Structure formats: C-alpha cells, structure tokens
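# Architecture at a glance
Residue-level listing of the chains:
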Amino acid sequence: MTRVHDMGGRFGDGAVLPEPQGIPDMGPEWQARALAITLATGALGEWNIDISRHARERLSPKDYTRFTYYEKWVAALADLLVETGLLTRDDLQSGGDLAPEPLVERALRHPKVAEVLAKGAPADRVGGPTERFAVGQAVRTRRPAGNRLCPGGHTRLPTYASGARGTILRLHGTHVLPDSSAHRLGDAPEPLYAVAFPARQLWAFPEHPDDEVILDLWQSYLEPA
C-alpha cells in the first residue's frame, strides 16, 4: 500500500525550505486551538501517540495533500473522536453546546498543562527481545518498509531508507513498537537503535554525498549487513 505521507526524498516535490530557528509562530489563533484541543483530548486516554499519528497518515490522499499541517491534525482528531464513540458526526456538524461527556473529568485543564507536558508519556519499557546489534555494527534495513503486523499500517521505517546500509550509532534501550501500538495490538517492545546512513546510501544523486542521516529504528526493521 502506497502511503501518501511517506514522501521523504521523493523527486518532484520541490526544494526543502528550512524555517527560521527558534520558537515557531503558531500563526492564526485557530492553529493554537487545534494544538490545544488535540493535547486535551489525548489526555482522555482513548488513544496513544502512535494511533494519533496513524490517524493523520490515513487521511484520504486528496485531503492529505491539500490540508495544511494543523488542518491534518483537526481532521484526524475528528476521525478519532467518532471512531472511539466520544462524539458522533452529528455532534461535530452541529456546532452547538453538547451535553457533558462521561470522560469530562479526564480532560486536560489549563493549570495542569505544563506539568503534563513536562512529564510526557515515556515509551521505554522493560523486557522484550535481547539486543541483536552492537554499536559500530553494520546493518541493513528491511525491504519493503511496510508494517508486517498490519499491512498498509503505521511504521517508523521510511520508504527512502528501505534496503539501505547503515551503522549502529547507539542503543536507546527497549521501546514500544509503533507498528503494533498504532493498531491497538499492544506495546510489543523492542530494542531501539540510532542508525547512521551516508546520504549516498539513501539517494541516487545526493547534493552532499558525505552527509549523514540518523534514524531511530526498531530491531525488527534491521538485519545484519
């Protein structure tokens, strides 16, 4: 399944224009509200960050390509609210006041935002399979790059890195596997590695072939080179 969002390194999409460093401008007020609503509803505990990411990825290709960044967030959130039964399509279209929801007490309120964001939602876990690779070891990413637990599903292995040879830079420990977590199949924790790839391994005609790209990749994405 071709994933419309998996466009890194693809030809024909134009130049990458870096934004100025520093705190990004949220722009119109609705964008800040979109971020706030997404964080507040995420605190209800009905989905995790991987499910949320996958909801954005599976927007229709037509919508994904025409929506701005925060329009994608709002559209994906609307899908999650309906899929989990927190709201109905009629609720979303009404634009009016709704009766209090059963989960209202779990809502993230303003006084707790800083504390919750500082704490985060750690994805490291205890257990899981033994580490297969060591720092400095040459590895190759699997091909094709797709989710092997759920065809067409969420994965953190980008297509442009599929089949590429890299070197283990460090071990991050054992972390939740997004390919499983995004589909409510459990944490399925695996060792997570930082892997360095020369640009010439990733693209046929890199502008700077000696540059490195470092990707955080789960053990099941890798094999010995």
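Residues numbered from 1 in each chain as written. Predicted model: local features only at pLDDT ≥ 70, side-chain atom pairs only at ≥ 80, totals over all residues. Heavy atoms only, no water.

Under an unreviewed UniProt entry, the chain has the name nitrile hydratase and belongs to Sedimentitalea arenosa. According to UniProt, the comment filed for the chain under the heading Catalytic activity (unreviewed entry) is "an aliphatic primary amide = an aliphatic nitrile + H2O". Recorded under Sequence similarities (unreviewed entry), the UniProt text for the chain is reproduced unchanged: "Belongs to the nitrile hydratase subunit beta family." (UniProt positions renumbered as here; feature names shortened; annotations may be inferred.)

### Section: the confidence of the model for the chain
Per-residue pLDDT for the chain has a mean of 89; in total, 94% of the residues score no lower than 70. Confidence, expressed as mean pLDDT per element, reaches its minimum in the chain at helix H6 (residues 113-119) with 82 and its maximum at strand E1 (residues 138-141) with 98. (pLDDT = per-residue confidence, 0-100. Helix = DSSP H or I, 4+ residues; strand = E, 2+ residues; numbered from the N terminus.)

### Quick look at the side chain of His5
Here His5 lies in the segment before helix H1 (29-42). His5 gets classed as buried once you look at its relative accessible area, which sits at 19%. Within the structure, the side chain of His5 is placed 3.4 Å from the side chain of Glu57, a separation counted as a polar contact. (Buried < 20%, exposed > 50% of the residue type's maximum accessible area, 1.4 Å probe, protein only. Polar contact = N/O pair within 3.5 Å; in protein donor to acceptor, adjacent residues only side chain to side chain.)

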